[in-house]
Amino acid sequence: MKISDVVAFMGHQVHVCRYREAGTLLDWMGRDLRGKRVLDVAGGDGYWAGRARRRGADAVSIDLARGKMVYGRTLAHAPALIECDALRLPFADGSFDAVLSVCAIEHFDDGGRSLDEMARVLKPGGEIFMSADVLSRADAWPKLRDAHKAKYHVQHTYTHDSLSKLMDERGLDLVGHSYQFRTAATERLYLSLSTYGGKVGFNAAAPLTPLVALADRAAPNERGSIVLVRARKRAPGA
(Lines give C-alpha, C1' and ligand atoms only; values in the text may rest on other atoms or scores of the structure.)
Protein backbone atom coordinates (compact mmCIF):
# COMPACT_ATOMS: atom_id res chain seq x y z
CA MET A 1 0.00 0.00 0.00
CA LYS A 2 1.31 3.43 -0.93
CA ILE A 3 1.89 6.12 1.70
CA SER A 4 -0.81 8.27 0.08
CA ASP A 5 -3.34 5.46 0.57
CA VAL A 6 -2.38 5.10 4.22
CA VAL A 7 -2.78 8.84 4.78
CA ALA A 8 -6.14 8.83 2.98
CA PHE A 9 -7.32 5.84 5.01
CA MET A 10 -6.41 7.61 8.25
CA GLY A 11 -8.12 10.79 7.16
CA HIS A 12 -11.33 9.26 5.87
CA GLN A 13 -11.86 6.01 7.77
CA VAL A 14 -10.15 6.56 11.15
CA HIS A 15 -12.72 9.22 11.99
CA VAL A 16 -15.52 9.37 14.54
CA CYS A 17 -18.19 10.08 11.92
CA ARG A 18 -16.97 10.08 8.31
CA TYR A 19 -16.45 6.33 7.95
CA ARG A 20 -19.89 5.51 9.36
CA GLU A 21 -21.50 8.33 7.36
CA ALA A 22 -19.97 7.65 3.95
CA GLY A 23 -19.81 3.91 4.63
CA THR A 24 -23.57 3.82 5.22
CA LEU A 25 -24.24 5.70 1.97
CA LEU A 26 -22.03 3.25 0.08
CA ASP A 27 -23.73 0.28 1.73
CA TRP A 28 -27.08 1.66 0.60
CA MET A 29 -25.63 1.93 -2.91
CA GLY A 30 -24.67 -1.74 -2.88
CA ARG A 31 -21.70 -4.07 -2.67
CA ASP A 32 -21.63 -4.97 -6.37
CA LEU A 33 -21.54 -1.86 -8.55
CA ARG A 34 -20.32 -3.48 -11.74
CA GLY A 35 -21.90 -1.84 -14.78
CA LYS A 36 -22.91 1.24 -12.75
CA ARG A 37 -21.71 4.77 -13.41
CA VAL A 38 -21.34 6.71 -10.15
CA LEU A 39 -20.75 10.45 -9.63
CA ASP A 40 -19.41 11.86 -6.36
CA VAL A 41 -20.32 15.56 -6.09
CA ALA A 42 -17.78 17.70 -4.19
CA GLY A 43 -15.77 14.56 -3.57
CA GLY A 44 -12.48 16.26 -2.67
CA ASP A 45 -9.65 13.81 -3.30
CA GLY A 46 -12.12 11.24 -4.63
CA TYR A 47 -11.52 8.74 -1.83
CA TRP A 48 -15.15 7.63 -1.48
CA ALA A 49 -15.68 7.49 -5.24
CA GLY A 50 -12.60 5.28 -5.21
CA ARG A 51 -14.39 2.94 -2.77
CA ALA A 52 -17.23 2.73 -5.31
CA ARG A 53 -14.69 1.97 -8.01
CA ARG A 54 -13.35 -0.89 -5.90
CA ARG A 55 -16.87 -2.32 -5.99
CA GLY A 56 -16.80 -2.27 -9.77
CA ALA A 57 -18.30 1.12 -10.58
CA ASP A 58 -17.19 3.45 -13.33
CA ALA A 59 -16.66 6.25 -10.80
CA VAL A 60 -16.20 9.99 -11.30
CA SER A 61 -15.49 12.58 -8.61
CA ILE A 62 -15.86 16.33 -9.13
CA ASP A 63 -14.62 19.21 -7.01
CA LEU A 64 -13.09 22.68 -7.27
CA ALA A 65 -10.24 21.88 -4.85
CA ARG A 66 -7.45 21.25 -7.34
CA GLY A 67 -4.89 20.38 -4.66
CA LYS A 68 -7.08 17.64 -3.23
CA MET A 69 -7.66 16.17 -6.67
CA VAL A 70 -3.95 16.20 -7.52
CA TYR A 71 -3.42 14.21 -4.33
CA GLY A 72 -6.35 11.93 -5.16
CA ARG A 73 -4.71 10.89 -8.42
CA THR A 74 -1.97 9.19 -6.40
CA LEU A 75 -4.44 6.82 -4.67
CA ALA A 76 -4.49 3.16 -5.69
CA HIS A 77 -8.18 3.14 -6.69
CA ALA A 78 -8.49 6.71 -7.89
CA PRO A 79 -11.68 7.49 -9.80
CA ALA A 80 -11.79 9.88 -12.72
CA LEU A 81 -11.22 13.30 -11.12
CA ILE A 82 -12.69 16.35 -12.83
CA GLU A 83 -12.29 19.94 -11.69
CA CYS A 84 -15.67 21.65 -12.09
CA ASP A 85 -18.47 23.48 -10.31
CA ALA A 86 -21.17 21.34 -8.67
CA LEU A 87 -23.73 23.92 -9.79
CA ARG A 88 -22.74 23.50 -13.46
CA LEU A 89 -21.93 19.84 -14.04
CA PRO A 90 -20.29 19.13 -17.42
CA PHE A 91 -22.28 15.95 -18.07
CA ALA A 92 -25.23 15.12 -20.29
CA ASP A 93 -28.69 14.48 -18.88
CA GLY A 94 -29.10 10.96 -17.47
CA SER A 95 -25.37 10.18 -17.47
CA PHE A 96 -25.17 8.38 -14.12
CA ASP A 97 -26.84 5.47 -12.33
CA ALA A 98 -26.06 6.89 -8.88
CA VAL A 99 -24.94 10.17 -7.35
CA LEU A 100 -23.04 10.35 -4.05
CA SER A 101 -22.56 13.54 -2.05
CA VAL A 102 -21.06 13.45 1.44
CA CYS A 103 -21.89 16.52 3.55
CA ALA A 104 -21.56 18.97 0.65
CA ILE A 105 -24.98 20.56 0.09
CA GLU A 106 -24.80 22.64 3.27
CA HIS A 107 -21.77 24.49 1.89
CA PHE A 108 -23.54 25.71 -1.25
CA ASP A 109 -25.24 29.11 -1.28
CA ASP A 110 -27.99 27.53 -3.38
CA GLY A 111 -28.59 23.94 -2.32
CA GLY A 112 -31.58 23.67 -4.65
CA ARG A 113 -29.39 24.51 -7.62
CA SER A 114 -26.97 21.73 -6.71
CA LEU A 115 -29.89 19.30 -6.51
CA ASP A 116 -31.09 20.53 -9.92
CA GLU A 117 -27.78 19.41 -11.39
CA MET A 118 -27.62 16.10 -9.51
CA ALA A 119 -31.15 15.23 -10.62
CA ARG A 120 -30.44 16.28 -14.20
CA VAL A 121 -27.43 13.99 -14.66
CA LEU A 122 -29.16 11.04 -12.95
CA LYS A 123 -30.93 8.40 -15.02
CA PRO A 124 -34.65 7.72 -14.35
CA GLY A 125 -34.71 5.05 -11.66
CA GLY A 126 -31.23 6.08 -10.51
CA GLU A 127 -30.59 7.09 -6.92
CA ILE A 128 -28.96 9.90 -4.96
CA PHE A 129 -27.11 9.03 -1.75
CA MET A 130 -26.49 12.19 0.23
CA SER A 131 -25.64 13.46 3.70
CA ALA A 132 -26.01 16.96 5.15
CA ASP A 133 -25.53 18.92 8.35
CA VAL A 134 -28.67 19.13 10.48
CA LEU A 135 -27.39 20.37 13.87
CA SER A 136 -30.82 19.76 15.38
CA ARG A 137 -29.99 21.02 18.87
CA ALA A 138 -27.24 23.49 17.94
CA ASP A 139 -29.22 26.46 19.21
CA ALA A 140 -28.64 25.11 22.72
CA TRP A 141 -24.91 25.83 22.26
CA PRO A 142 -24.78 29.03 20.19
CA LYS A 143 -21.01 29.51 20.48
CA LEU A 144 -20.33 25.97 19.24
CA ARG A 145 -22.97 26.36 16.51
CA ASP A 146 -21.56 29.65 15.22
CA ALA A 147 -17.97 28.44 15.38
CA HIS A 148 -18.84 25.25 13.49
CA LYS A 149 -20.70 27.14 10.77
CA ALA A 150 -17.93 29.68 10.36
CA LYS A 151 -15.12 27.12 10.35
CA TYR A 152 -16.76 24.83 7.79
CA HIS A 153 -18.59 27.52 5.76
CA VAL A 154 -22.01 26.01 6.49
CA GLN A 155 -24.54 28.12 4.59
CA HIS A 156 -27.67 26.09 5.35
CA THR A 157 -28.74 23.09 7.42
CA TYR A 158 -31.29 20.46 6.38
CA THR A 159 -33.57 17.79 7.77
CA HIS A 160 -34.88 14.75 5.92
CA ASP A 161 -38.19 16.60 5.58
CA SER A 162 -36.66 19.72 4.03
CA LEU A 163 -34.51 17.63 1.70
CA SER A 164 -37.52 15.51 0.77
CA LYS A 165 -39.42 18.66 -0.25
CA LEU A 166 -36.51 19.94 -2.36
CA MET A 167 -36.10 16.54 -3.97
CA ASP A 168 -39.79 16.08 -4.70
CA GLU A 169 -39.76 19.38 -6.61
CA ARG A 170 -37.01 17.91 -8.79
CA GLY A 171 -38.62 14.57 -9.54
CA LEU A 172 -36.91 12.63 -6.74
CA ASP A 173 -38.68 10.44 -4.19
CA LEU A 174 -37.17 9.99 -0.74
CA VAL A 175 -36.91 6.25 -0.06
CA GLY A 176 -34.89 6.24 3.17
CA HIS A 177 -33.14 8.37 5.76
CA SER A 178 -31.04 8.03 8.90
CA TYR A 179 -29.76 10.52 11.47
CA GLN A 180 -26.37 10.26 13.16
CA PHE A 181 -25.35 11.77 16.53
CA ARG A 182 -29.00 11.56 17.59
CA THR A 183 -28.70 12.27 21.31
CA ALA A 184 -27.94 15.60 22.98
CA ALA A 185 -24.65 14.23 24.36
CA THR A 186 -23.40 12.96 21.01
CA GLU A 187 -24.55 16.12 19.19
CA ARG A 188 -22.54 18.20 21.62
CA LEU A 189 -19.58 15.86 21.12
CA TYR A 190 -19.85 16.38 17.35
CA LEU A 191 -19.97 20.17 17.63
CA SER A 192 -17.16 20.28 20.20
CA LEU A 193 -14.90 18.16 18.05
CA SER A 194 -15.64 20.18 14.92
CA THR A 195 -15.03 23.46 16.75
CA TYR A 196 -12.00 22.64 18.87
CA GLY A 197 -10.58 19.43 17.50
CA GLY A 198 -10.93 19.68 13.73
CA LYS A 199 -9.67 16.76 11.69
CA VAL A 200 -7.18 15.70 14.38
CA GLY A 201 -9.90 15.70 17.02
CA PHE A 202 -12.33 13.71 14.87
CA ASN A 203 -9.61 11.13 14.21
CA ALA A 204 -8.54 10.97 17.86
CA ALA A 205 -12.16 10.38 18.86
CA ALA A 206 -12.53 7.44 16.46
CA PRO A 207 -12.52 4.88 19.34
CA LEU A 208 -15.83 6.43 20.43
CA THR A 209 -17.51 5.44 17.15
CA PRO A 210 -19.08 2.21 18.50
CA LEU A 211 -20.50 4.12 21.48
CA VAL A 212 -21.98 6.81 19.22
CA ALA A 213 -23.49 4.11 16.99
CA LEU A 214 -24.94 2.36 20.02
CA ALA A 215 -26.46 5.61 21.31
CA ASP A 216 -27.95 6.26 17.86
CA ARG A 217 -29.59 2.83 17.73
CA ALA A 218 -31.27 3.50 21.09
CA ALA A 219 -32.56 6.96 20.12
CA PRO A 220 -35.47 7.86 17.81
CA ASN A 221 -34.49 8.44 14.19
CA GLU A 222 -35.87 11.99 14.27
CA ARG A 223 -32.94 14.39 14.68
CA GLY A 224 -29.18 14.61 15.06
CA SER A 225 -26.09 16.37 13.77
CA ILE A 226 -26.01 14.72 10.32
CA VAL A 227 -28.80 13.31 8.15
CA LEU A 228 -28.31 10.66 5.46
CA VAL A 229 -30.91 10.38 2.70
CA ARG A 230 -31.55 8.10 -0.25
CA ALA A 231 -33.79 9.25 -3.09
CA ARG A 232 -34.85 7.76 -6.43
CA LYS A 233 -35.52 9.67 -9.66
CA ARG A 234 -39.00 9.22 -11.03
CA ALA A 235 -39.57 8.08 -14.59
CA PRO A 236 -40.74 10.84 -16.99
CA GLY A 237 -44.46 11.47 -16.56
CA ALA A 238 -44.65 9.53 -13.29
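Residues numbered from 1 in each chain as written. Predicted model: local features only at pLDDT ≥ 70, side-chain atom pairs only at ≥ 80, totals over all residues. Heavy atoms only, no water.

1. Brief notes about the packing of aromatic side chains
Which entries qualify depends on this criterion: Working definition: rings of Phe, Tyr and Trp (its six-membered ring) pair if their centres are within 6.5 Å, and the pair is stacked with planes under 30 degrees apart, edge-to-face with planes over 60 apart, and tilted otherwise. Three exposure classes are used, based on accessible area relative to the maximum for each residue type with a 1.4 Å probe and protein chains only: buried under 20%, partly exposed in between, and exposed over 50%.
Taken as a whole and judged by the stated rule, the model has three aromatic pairs. Here F91 and F96 contribute two aromatic rings whose centre-to-centre distance is 5.1 Å and whose plane-to-plane angle is 85°, an arrangement assigned as edge-to-face. In this pair, the class of F91 matches that of F96, namely buried. Taking 5.1 Å as the distance between ring centres and 50° as the angle between the ring planes, the aromatic pair formed by F181 and Y190 counts as tilted.

2. Quick look at the pairing of strand β2 (residues 58-63)
Applicable threshold: Secondary structure elements are taken from DSSP: a helix is a run of H or I of four residues or more, a strand is a run of E of two residues or more, and numbering for both begins at the N terminus. The pairing criterion is simple: DSSP has to find at least two bridges between the two strands. When the strands point away from the viewer and the path from the first strand over the helix to the second turns clockwise, the crossover is right-handed.
Burial runs high along β2: five of the six residues are buried. Pairing between strand β1 (residues 37-41) and β2: five bridges, direction parallel. Pairing of V41 across the sheet is with I62, part of β2. For the crossover from β1 across helix α3 (residues 47-54) to β2, the handedness is right-handed. Inspection of the sheet shows β2 paired to strand β3 (residues 80-83) by four bridges, in the parallel sense. Looking across to β3, one finds that S61 is bridged to L81. Between the parallel pair β2 and β3, the chain is carried across by helix α4 (residues 66-72), and the sense of this crossover is right-handed.

3. Examining the packing of helix α2 (residues 18-29) against α3
Defined as follows: Here an axis means a line fitted to C-alpha atoms, over the contact stretch when the element is a helix, while the angle between two N-to-C directions is reported on a 0 to 180 degree scale. An angle counts as roughly parallel when it lies under 35 degrees, as roughly antiparallel when it exceeds 145, as roughly perpendicular when it falls between 65 and 115, and as oblique in every other case. The handedness criterion is simple: a crossing whose near helix is rotated anticlockwise from the far helix by less than a right angle is left-handed, and one whose near helix is rotated clockwise is right-handed. By definition in these notes, contact holds between two residues if any of their heavy atoms fall within 4.5 Å. Polarity classes work like this: nonpolar for Ala, Val, Leu, Ile, Met, Phe, Trp, Tyr, Cys and Pro, charged for Asp, Glu, Lys and Arg, and polar for all others, with Gly in that last group.
At a closest axis distance of 11 Å, the pairing of α2 and α3 adopts a crossing angle of 40°. For the element pair α2 / α3, the angle class is oblique. The crossing of α2 and α3 is right-handed. Along its contact with α2, which presents R18, Y19, A22 and L26, the element α3 presents W48, R51 and A52. Across the contact of α2 with α3, the residue classes tally to five nonpolar, no polar and two charged.

4. Topic: helix α6 (residues 142-151)
The cut-off we apply is this: The arc in question is the one traced by the directions running from the helix axis out to the C-beta atoms.
Inspection of α6 places L144, R145 and H148 among the buried residues, and these make up the whole buried set. Viewed end-on, α6 has its buried residues packed into an arc of 100°, placing them on one side of the element. For α6, the exposed residues set more than 90 degrees away from the buried face come down to K143 and A150. On its buried face, α6 is in contact with β5 (122-133) and α8 (184-204). H153, located one to two residues past α6, shows a positive phi value of around 55°.

5. Concerning the environment of A185
Along the chain, the position of A185 falls in helix α8. Sequence separation between A185 and G94 is 91 residues; the distance between their C-alpha atoms is 42 Å.

6. Structural notes on the environment of D32
Our working rule: Polar contacts, as used here, are pairs of N or O atoms within 3.5 Å; protein pairs need one atom able to donate a hydrogen and one able to accept it. Residues neighboring in sequence count only if both atoms are side-chain atoms.
Mapping D32 onto the fold places it in the loop between α2 and β1. Under the relative-accessibility criterion, D32 is labelled partly exposed at 44%. It is 31 Å that separates the C-alpha atoms of D32 and S162, two residues lying 130 residues apart in sequence. A distance of 2.6 Å separates a polar atom in the side chain of D32 from a polar atom in the side chain of R34.

7. Remarks on the UniProt feature "domain: Methyltransferase type" (unreviewed entry) in the chain
Quick reminder of the rule: UniProt positions are given in the numbering used here, feature names are shortened, and annotations may be inferred rather than shown by experiment.
This chain's UniProt record puts "domain: Methyltransferase type" (unreviewed entry) on residues 39-129. Strand forms 30% of residues 39-129 and helix 29%; the C-alpha atoms that close the span are 10 Å apart.

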